Amino acid sequence: MNVLVVFIALAVFLFLAAFLTKRRFGLLGLALAAGATLSMLWIDEAGELVAMIGLFPISPLTNAVTLGLLVLLPAILLLFHGYSYKRLPGRIIGATLFTLLALAFLVDPLQFALQLDGVGGTVYRWLQEYKDVIIGLGMVIAVVDLFLTKPAPAPEKKGKH
């Protein structure tokens, strides 16, 4: 049950963050991909760096949390800047896609920290099995969303007279 509670709490947090900030999925999805790339590059050093700083002792949980934060950090930063949805259906769809993609990217870091048994283990195995499909489709949808995003019109300059 432990893994299920963590996934539900993460899903609620991620959905609410994307929904309340009204940010478009395209840029957030690509930011998740950038964060996942960073976490894979620093997979060995991330936990050790946090332990050397003295924030937490070195453990599998420290490494998993650090890698998870590396995945989410670029997207969290972009939650406060960028294009936004104007209508409620777009906000709901965008937040749902962001949540599902973020959970797919977090499957690997979380396996080091959570007990994978019971219903939670079943949910984890399902996400692990379909992770590549979710990430692939998510990236395609993110790029399409970027192409559909229209920039805000530039403000007109007022003349001197």
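Above: the structure in question.
Residues numbered from 1 in each chain as written. Predicted model: local features only at pLDDT ≥ 70, side-chain atom pairs only at ≥ 80, totals over all residues. Heavy atoms only, no water.

Visitor: So what's going on with helix α5 (residues 88–111)? Residues and values would help.
Guide: Look at α5: 34 Å from first C-alpha to last across 24 residues, which is about the 34 Å you get at 1.5 Å a residue. The largest bend along α5 reaches roughly 35° and is located at Phe105, with the proline Pro109 sitting one to four residues downstream. (Helix = DSSP H or I, 4+ residues; strand = E, 2+ residues; numbered from the N terminus. Expected span 1.5 Å × (residues − 1). Bend = angle between axes of the 7 residues up to and from the residue.)

Visitor: Give a detailed account of unusual backbone geometry, specifying residues and quantitative values.
Guide: With a phi angle near 65°, Lys22 is a residue other than glycine that sits in the positive phi range. Along the polypeptide, Lys22 turns up in the loop between α1 (2–21) and α2 (25–41). Under the relative-accessibility criterion, Lys22 is labelled partly exposed at 36%. (Buried < 20%, exposed > 50% of the residue type's maximum accessible area, 1.4 Å probe, protein only.)

Visitor: Residue-level account of the packing of α2 against α5, with values.
Guide: It is at 10 Å that the axes of α2 and α5 come closest, and there the two elements cross at 10°. For the element pair α2 / α5, the angle class is roughly parallel. Note on element contacts: α5 touches α2 through Gly94, Leu97, Phe98, Leu101, Ala102 and Phe105, opposite Phe25, Leu28, Gly29, Leu32, Ala33 and Ala36. Looking at side-chain class alone, the contact of α2 with α5 contains 10 nonpolar, 2 polar and no charged residues. (Axes fitted to C-alpha atoms, helices over the stretch in contact; angles between N-to-C directions. Parallel < 35°, antiparallel > 145°, perpendicular 65-115°, else oblique. Contact = heavy atoms within 4.5 Å. Nonpolar A, V, L, I, M, F, W, Y, C, P; charged D, E, K, R; others polar.)

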